[in-house]
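Structural overview
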Amino acid sequence: MPAVSRDDTRGRAAPAAPPATSGLPYAGLRLLAVHAHPDDESSKGAATMVRYVRSGADVMVATLTGGERGDILNKAMDRPDVRANLPRIRREEMARAREILGVRQEFLGFVDSGLPEGDPPPPLPDGCFALQKLEDAAEPLVRLVREFRPHVMLTYDENGGYPHPDHVKCHEVTVEAFDAAADPDRYPDCGAPWQPLKLYYFATFHRARFTALHQEMERRGLESPYAAGDHHTGPVRRALRRAGPGPAGARHPDRPGKHLVRRPDRRRGGRLADRGLPPGPIAGGY
Ligand SMILES: [Zn+2]
């Protein structure tokens, strides 16, 4: 058995039904964003989700783990009472994020793997999400895809967006669910087949985004962490070094050769979602 702890709350406290959307351009369309941890929905693709919520789409966030091994980056929150109650606090933060973004959300019940640090890095903890077999790890998501029936899905690219083992695994299970959900012979106990039309990868770390954040913070008189000579290392610095921006749409802004969309494998057959999609960067162009 996988280390799945089905959670009673499962995020159903979010808007029980989509708000009245008739007349809006994306009314009747469903978008499913798949994330590794609570907080990823707020740092990756949040504005995109809000844009589609405001255009009438029904947007669901699937959160694969409870974020039990997250770091506390805000020093003011690095207190023993916070550290001792991290899973509960992360759920409270997620509830607030659901309200702000206007999305529905479900926890899929896996345990955070943590980001192994050190040279060599320590082994991943027993029972964590990244160590689950692919079929076990993908099963709750296949069930959710067949239940929610999204037209479009979003997740990280094949490198996880950054090298956290849960993010890499998140990509793998999302691709598995995208490919398998329409196949009646796969995951037969997880509901009626459904084929989403497209799977997009977030392009979170790119020059145009950080430049816009930096400029807006300066405009508001805030201290920008992206100013020249800053202390950032790793993905943020690498993103700032890259040339860009490139063309928008389904290609990475800094790497125009990198595609950010996956389409269904037609040979698999399966039931296709409604093709009557309005034009737009995500919904259109199928
Ligand atoms: Zn994460």
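Residues numbered from 1 in each chain as written. Predicted model: local features only at pLDDT ≥ 70, side-chain atom pairs only at ≥ 80, totals over all residues.

Remarks on the overall build of the protein chain
Test applied: Helix and strand labels come from DSSP, where a helix needs a run of H or I of at least four residues and a strand needs a run of E of at least two; each type is numbered from the N terminus. Three exposure classes are used. Buried residues have 20 or more other C-beta atoms within 10 Å of their own C-beta, exposed residues have 12 or fewer, and partly exposed residues fall in between, all C-beta atoms being placed from the backbone. A pair of residues counts as a contact when their C-beta atoms, built from backbone coordinates, are separated by no more than 7 Å.
When helices and strands are counted, the protein chain shows eight helices and six strands. The helix and strand sequence of the protein chain, counted from the amino end, reads β-α-α-β-α-α-β-α-β-α-β-α-α-β. Out of the 286 residues in the protein chain, the part that is buried amounts to 35%. Summarising the internal contacts of the protein chain: among those between residues at least 6 apart in sequence, 74% fall at separations of at least 24.

A word on the sheet that holds strand β4 (residues 152–155)
Adjacent strands of a sheet form backbone hydrogen bonds with each other and so pair up, either parallel or antiparallel. Test applied: Strands pair, by our definition, only if DSSP identifies at least two bridges between them.
Reading across the sheet, the six strands line up as β3-β2-β1-β4-β5-β6 and stay open at both edges, with mixed pairing between neighbours. With partners counted over all chains shown, the strands left at the sheet margins are β3 (104–110) and β6 (261–262), one partner each. Of the strand pairs in this sheet, strand β1 (residues 30–35) and β4 are connected by three bridges, and their pairing is parallel. Paired with leucine 31 across the two strands is valine 152, which belongs to β4.

A few points about the packing of helix α5 (residues 134–148) against helix α6 (residues 165–180)
Rules: Here, axes are lines fitted to C-alpha atoms. For helices the fit covers the stretch in contact, and angles between N-to-C directions go from 0 to 180 degrees. Reported orientations rely on four angle classes, namely roughly parallel under 35 degrees, roughly antiparallel over 145, roughly perpendicular from 65 to 115, and oblique for the rest. Left-handed describes a crossing in which the near helix is turned anticlockwise from the far one by less than a right angle; the clockwise case is right-handed. Following the grouping adopted for this structure description, the nonpolar residues are Ala, Val, Leu, Ile, Met, Phe, Trp, Tyr, Cys and Pro, the charged ones are Asp, Glu, Lys and Arg, and the polar ones are all others, Gly among them.
Viewed as axis vectors pointing N to C, α5 and α6 meet at an angle of 55°, and their least axial separation amounts to 8 Å. As far as their axial angle goes, α6 and α5 are oblique. For α5 against α6, the interelement crossing comes out right-handed. Residues Leu134, Ala137, Ala138, Leu141, Val142 and Val145 of α5 form the contact with α6, whose participating residues are Lys169, Glu172, Val173, Thr174, Glu176, Ala177 and Ala180. In terms of residue class, the contact of α5 with α6 is made up of nine nonpolar, one polar and three charged.

Some words on unusual backbone geometry
Here the bond from aspartate 119 into proline 120 is cis, since omega is 0°, no more than 30 degrees from zero. Of note, proline 120 is situated in the loop between β3 and α5. Positive phi, normally seen in glycine, also occurs at aspartate 39, with a value near 110°. Summarising the element assignment, aspartate 39 is placed in the loop between β1 and α1 (40–43). Even without being glycine, arginine 149 reaches a positive phi, approximately 55°. Secondary-structure assignment places arginine 149 in the loop between α5 and β4.

Observations concerning the pairing of β4
Put simply, the test is: Seen with its strands pointing away from the viewer, a crossover is right-handed when the path leading from the first strand over the helix to the second is clockwise.
Along β4, one buried face is formed by Val152 and Leu154 and the opposite face, lined by Met153 and Thr155, is buried too. By the bridge criterion, four bridges tie β4 to strand β5 (residues 198–201) in an arrangement that is parallel. Across the sheet, the residue bridging to methionine 153 is leucine 199, located in β5. Of the crossover connections in this fold, the one passing from β4 over α6 to the parallel β5 is right-handed.

Concerning the nonpolar core
Across soluble globular proteins, nonpolar side chains show a tendency to be buried alongside one another. Applied cut-off: Buried Ala, Val, Leu, Ile, Met, Phe, Trp, Tyr and Cys residues whose C-beta atoms connect them within 7 Å together make up a nonpolar core.
By size, the foremost hydrophobic cluster in this structure holds 49 residues, and its most contacted members are Leu31, Ala62, Leu141, Val142 and Ala177. Counting residues per element, the ones that place at least two in this core are β1, α2 (46–54), β2 (58–65), β3, α5, β4, α6 and β5. If one sorts the elements of this core by residue count, α5 sits on top with six residues. Contact partners of alanine 62, with chain neighbours within four places excluded, come to Leu32, Val34, His35, Glu106, Leu108, Leu141 and Leu144.

Considering the confidence of the model for the protein chain
Inclusion rule: Predictor confidence is given residue by residue as pLDDT, running from a minimum of 0 to a maximum of 100.
Residues at a pLDDT of 70 or more form 76% of the protein chain, whose mean pLDDT is 80. Here residues 1–16 scores under 50 on pLDDT; set against residues more than four positions off or in separate chains, the count is 27 contacts. Per-residue pLDDT stays below 50 along residues 267–280; that stretch engages in 29 contacts with residues further than four places along the chain or on separate chains.

Considerations on the pairing of β5
Residues Lys198 and Tyr200 point to one face of β5 and Leu199 and Tyr201 to the other, with burial holding for every one of them. Taken together, the two bridges between β5 and β6 define a ladder with antiparallel strand orientation. Counted as the bridge partner of tyrosine 200 is valine 261 from β6.

Here we look at helix α7 (residues 207–219)
Operational definition: Helix span is expected to be 1.5 Å times the residue number reduced by one.
With 13 residues, α7 should reach 18 Å at 1.5 Å per residue; the first-to-last C-alpha distance of 18 Å fits that figure. One or two steps after α7, the chain reaches glycine 221, where phi turns positive at roughly 75°.

Examining the environment of tryptophan 194
Of note, tryptophan 194 is situated in the loop between α6 and β5. Separated by 48 residues in sequence, tryptophan 194 and arginine 146 place their C-alpha atoms 5.4 Å apart.

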